[in-house]
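# Notes for the structure review
Here's the letter readout for the chains.
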Amino acid sequence: MDRGLDDETVPIAELLDERRRLLDVAYWMLGRSQDADDAVAEAYRRWYGLPDDDRIRIAEPRSWLVKTVGGICLERLAPTGRTHPGTIGAAPPQDLDEEVSQALLEALDTLSPAERAAFVLNDVFGMAPGTVAAIVGQTEQDCGELAARARHSLRTRRAHPTPPWQHDRVVLAVRRACAAENPARLMSLLAPDATVFFDGGGKVRTLTRPVHGARRATHSLLTLLAGRSRTTLHCRSVNGRTGIVVRYGDEVAAVISLDVAGDHVVQIWAVLNPDKLRYWNRAATQET
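Conventions used here
Residues numbered from 1 in each chain as written. Predicted model: local features only at pLDDT ≥ 70, side-chain atom pairs only at ≥ 80, totals over all residues. Heavy atoms only, no water. Helix = DSSP H or I, 4+ residues; strand = E, 2+ residues; numbered from the N terminus. Buried < 20%, exposed > 50% of the residue type's maximum accessible area, 1.4 Å probe, protein only. Contact = heavy atoms within 4.5 Å. Areas by Shrake-Rupley, 256 points an atom, 1.4 Å probe, with all protein chains shown as cover. Salt bridge = Lys/Arg side-chain N within 4 Å of Asp/Glu carboxyl O. Pairing = 2+ DSSP bridges. Axes fitted to C-alpha atoms, helices over the stretch in contact; angles between N-to-C directions. Expected span 1.5 Å × (residues − 1). Core = buried A, V, L, I, M, F, W, Y, C linked by side-chain atoms within 4.5 Å. Disulfide = S-S within 2.5 Å. Parallel < 35°, antiparallel > 145°, perpendicular 65-115°, else oblique. Left-handed = near helix turned anticlockwise from the far one by under 90°. 1 Å grid on protein atoms, 1.4 Å probe; cavity = no way out; pocket = protein on both sides within 12 Å on 5 of 7 lines; lining within 4 Å. Points joined across faces, edges and corners; volume = space filled by probe spheres on them.

The next point concerns the overall build of the protein chain. For the protein chain, the count of helices and strands is twelve helices and six strands. Looking at the protein chain as a whole, 44% of its 288 residues qualify as buried. A separation of at least 24 residues holds for 63% of the contacts in the protein chain among residues at least 6 apart in sequence. Of the roughly 15000 Å² of accessible surface on the protein chain, 51% is carried by carbon and sulfur atoms.

Our next topic: the pattern of salt bridges. Counted according to the given criterion, the structure contains twelve salt bridges. With a closest N to O distance of 3.4 Å, Arg 46 and Glu 75 form a salt bridge. One end of the pair, Arg 46, is in helix H2 (residues 33–49); the other, Glu 75, is in helix H4 (residues 61–76), with 29 residues separating them in the sequence. One network of salt bridges, with partners in common, ties together Glu 42, Arg 45, Arg 46 and Glu 75.

So, on to the pairing of strand S3 (residues 231–238). In the sheet, S3 pairs with strand S4 (residues 241–248) via eight bridges, with the strands oriented antiparallel. Each residue of the ladder has a partner; that of His 234, found in S4, is Val 245. The antiparallel hairpin formed by S3 and S4 contains two residues in its connecting segment, where Asn 239 sits at a positive phi of about 55°.

As a further point, take the sheet that holds strand S6 (residues 264–271). The strand order across the open sheet built from six strands is S2-S1-S6-S5-S4-S3, with neighbouring strands paired in mixed fashion. Of all the strands in the sheet, just strand S2 (211–212) and S3 have a single pairing partner and so form its edges. Pairing between strand S1 (residues 190–199) and S6: six bridges, direction parallel. Along S6, the bridge assignment pairs Val 196 with Ile 268. Contacts from helix H11 (residues 214–224) reach S1, S2 and S6, with the element oriented near 40° to S1.

Relative to the 22 Å expected for 16 residues at 1.5 Å per residue, H4 spans 23 Å between its end C-alpha atoms, a close match to the ideal helical length. At its buried positions, H4 is contacted by helix H1 (12–30), H2, helix H6 (113–124) and helix H7 (129–136).

With that settled, the discussion passes to the pairing of S4. Counting buried residues along S4, six of its eight residues qualify, which places the element largely inside the surrounding structure. With five bridges connecting them, S4 and strand S5 (residues 251–261) associate as antiparallel partners. Opposite Ile 244, over in S5, you have Ile 256 as the bridge partner.

On to the nonpolar core, then. In this structure, Met 29, Val 69, Leu 108, Leu 121, Met 127 and Val 136 are the most contacted members of the largest nonpolar core, which totals 43 residues. Going through the elements one at a time, H1, H2, H4, helix H5 (98–108), H6, H7 and helix H8 (140–159) are the ones with two or more residues in this core. Beyond its immediate sequence surroundings of up to four residues, Val 136 is in contact with Leu 74, Ala 114, Ala 117, Ala 118, Leu 121, Cys 143 and Leu 146. Grouped together as the second largest cluster of nonpolar side chains are 29 residues, Ala 214, Val 246, Ala 254 and Ala 270 included.

Our next topic: the state of the cysteines. The tally for this structure, following the rule as stated, stands at zero disulfides. Cys 235 takes part in no disulfide bond, and the closest cysteine sulfur to it belongs to Cys 178, at a distance of 10.0 Å.

A few words on the packing of H1 against H4. Between H1 and H4, the least distance of the axes is 10 Å, while the angle of their chain directions is 25°. When the axes of H1 and H4 are compared, the pair comes out roughly parallel. When the axes of H1 and H4 are compared, the crossing they make is right-handed. Mapping the contact onto sequence places Glu 14, Asp 17, Glu 18, Leu 22, Val 25, Ala 26, Met 29 and Leu 30 in H1 and Arg 62, Leu 65, Val 66, Val 69, Gly 70, Cys 73, Leu 74 and Arg 76 in H4.

The probe, sized like a water molecule, is rolled over the atoms to show the empty space still left. Following the criterion strictly, the structure yields two cavities of 30 Å³ or more and no others. Computed from the structure, the second largest cavity encloses a volume of approximately 30 Å³. Considering the residues around the second largest cavity, the lining is formed by Val 174, Cys 178, Leu 221, Leu 225, Ile 244, Ile 256, Leu 258 and Ile 268. Of all elements in the fold, only helix H9 (164–179) and S5 reach the threshold of two or more residues within the lining of the second largest cavity.

As for its placement among the helices and strands, Ala 148 is situated in helix H8. Classification of Ala 148 as partly exposed rests on a relative accessible area of 33%. Residues Ala 148 and Phe 119, 29 residues apart in the sequence, show an inter-C-alpha distance of 7.8 Å.

Just geometry here; none of it tells us what the structure is for.
So, in structure tokens, the structure goes:
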């Protein structure tokens, strides 16, 4: 028998515990308290936007809300849209040490959206594999692989911390190798298990799956940046760290972010989605 609307009454302690849980999930996925508040507010808007008959048939409202918050966070986790949390002064959950929390958030910000979601939901919150898969939108096996890659990346960063000057030096060397179309040099700058992610947003024809391994990553990058007389590469600040902006004539065609550990690049995000490049193209127009 379906629950009636009167059965939606919930003890205040449960309400507060539910909201705190949702805020924690959103905070660890997005990295800022205000962003977490916005995501949770949107989840509740969607909850109350459901027809009454649909809402009362949901057996576990908290699970529905957690999945919805996770989906909202994934929608908002884009390489060009995220801001490095260390520059924001985000407030961590009150039951965690602030310095430890901040360090982990900064490390999480280097992961791809799917890796971050899989790691946070699996390792931080211990959610069931099926729940994680439903939120991330991939199979349980794929989510397990994403979480494993995230753990590896985080371990690598802890083992090989990279100061800003060293990061800049490696990125500049990568730009030069790409501009010169020098595969041997480029491959020497990538970690053996380097991964490249391409974000076309379904708006341009590009790879939809990550490319793993230095050799394959080198090939995919050089193919993407294949020499054309009007293609130029420039080192610019991307999300607070030096990245590579690719122009085709006067148009910004791609923005590339690089995660550096020691002397090697471990992960690369190539954003080609025109919607996400609008800011860069507006800025380019204002410069000319």
